[in-house]
Amino acid sequence: MMRNIFIMVALIVALTINATERNYQKEAIEAYNNKNYPAAIEAYDSLMKQGVSSELYYNLGNCYYRSGNKGMAVLYYEKALKLEPDNRMAQANLDFIHTKLIDPYAAEENIIVVGYRSVRNWLSSSGWTIAGMVFFALFILALGLYMFASSIIVRKSGFFGGFAMLALCIAANVIAADAESVRTSTDYAVVVCDTVQLSTVSHIPNTDAEKAFVVHEGAKLKKLDSVKVGNKASWYKVVTVDNREAWVNAAAVAEI
């Protein structure tokens, strides 16, 4: 009896949570369609408390862009792509915002780097792991053909095919590890205020000599080091995409 009561209570709680999520989703869509972007952002923020997804981040990016906040839009498009590298809509919108930014957003890369990243983004880290398992199974199958087939042609096919499947298995696992590293990385941050003065020292510059350079909203920075007050970073040592190093106030950036 008590077990049945517990199950019923759990179902009621689950249904209540689901209804709340649907209401927030509905509120966000209606607010966005009515061009009430602050209300849409508030509704999506409430949804994030229940869990995050690439689609949710993408929608938040749209809301922030429509409200004129390019820095936060860049942040959430980047977060969407971090969870789902092949989110083409998020990538397209991010590429569009790049044309509106003052600071350069990405360093020039050679065709090999660009090609590898494109391949890596075909699948998620779990997708590449599954691909590696499939290639390993095909390797075992090819090995069986080589060892037990009576036909010379089939055995040769198993031998060379096995090498190919083993190479693909290793490559898929390497890419899976790299994709997971990118997904869980906290190395990058985005400037979310209009402008910020970077410093040569880890505090607000007091003299012209301590002033480094200025960056603007949407600039992507790689974190190299940090100065913490308690458990919270107060300043980050960063490098820009054009390889300039300086310190930035942690309050001026948001972690991707």
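Please refer to the structure higher up on the page.
Residues numbered from 1 in each chain as written. Predicted model: local features only at pLDDT ≥ 70, side-chain atom pairs only at ≥ 80, totals over all residues. Heavy atoms only, no water.

Student: Quick rundown of the overall build of the chain? Include the residues and the values.
Tutor: A tally of helices and strands in the chain yields 8 helices and 7 strands. Projected onto its principal axes, the C-alpha positions of the chain cover 80 × 65 × 40 Å. Residue burial in the chain is summarised as follows: out of 256 residues, 34% are buried. Long-range contacts, defined as pairs at least 24 residues apart, comprise 52% of the intrachain contacts of the chain with a sequence gap of at least 6. With the model as given, the accessible surface of the chain reaches about 15,600 Å², and the carbon-plus-sulfur share is 60%. (Helix = DSSP H or I, 4+ residues; strand = E, 2+ residues; numbered from the N terminus. Buried < 20%, exposed > 50% of the residue type's maximum accessible area, 1.4 Å probe, protein only. Contact = heavy atoms within 4.5 Å. Areas by Shrake-Rupley, 256 points an atom, 1.4 Å probe, with all protein chains shown as cover.)

Student: Account for helix α4 (residues 70–83), with residues named and values stated.
Tutor: A turn of α-helix holds 3.6 residues, and therefore any two residues three or four places apart point the same way. Relative to the 20 Å expected for 14 residues at 1.5 Å per residue, α4 spans 20 Å between its end C-alpha atoms, a close match to the ideal helical length. With respect to burial, α4 is a largely interior element, 12 of its 14 residues being buried. Within α4, burial applies to Gly71, Met72, Ala73, Val74, Leu75, Tyr76, Tyr77, Glu78, Lys79, Ala80, Leu81 and Lys82. (Expected span 1.5 Å × (residues − 1).)

Student: Which residues make up the side chain of Lys79, and what values do they have?
Tutor: Here Lys79 shows up in helix α4. For Lys79, which is buried and forms no salt bridge, the nearest opposite charge comes from Glu255, at a distance of 6.6 Å. Non-local contacts of Lys79, meaning those with residues more than four positions away in its chain, are made with Tyr57, Glu255 and Ile256. (Lys, Arg positive; Asp, Glu negative; His and termini not counted. Salt bridge = Lys/Arg side-chain N within 4 Å of Asp/Glu carboxyl O.)

Student: Outline the pattern of salt bridges, listing residues and values.
Tutor: Across all of its chains, the model carries 8 salt bridges by this definition. Between Arg183 and Glu180 there is a salt bridge, with the nearest N and O atoms lying 2.8 Å from each other. Of the two residues, Arg183 and Glu180 both sit in helix α8 (residues 152–184), 3 residues apart, roughly one turn of that helix. Look at Glu180 and you get partly exposed, because its relative accessible area is 29%. The partner of Asp208 in a salt bridge is Lys211, with the nearest N and O atoms 3.7 Å apart. Residue classification places Asp208 among the exposed residues on the basis of a relative accessible area of 62%. Here Lys211 falls in the partly exposed class, since its relative accessible area comes to 41%.

Student: Break down the environment of Tyr32 for me, citing the residues and quoting the values.
Tutor: As for its position among the elements, Tyr32 is in helix α1 (residues 2–33). Separated by 114 residues in sequence, Tyr32 and Tyr146 have C-alpha atoms that sit 61 Å apart. Residue contacts for Tyr32: discarding those within four places in its chain leaves Tyr37, Ala40, Asn62, Cys63 and Arg66.

The analysis is restricted to geometry; functional conclusions fall outside its scope.
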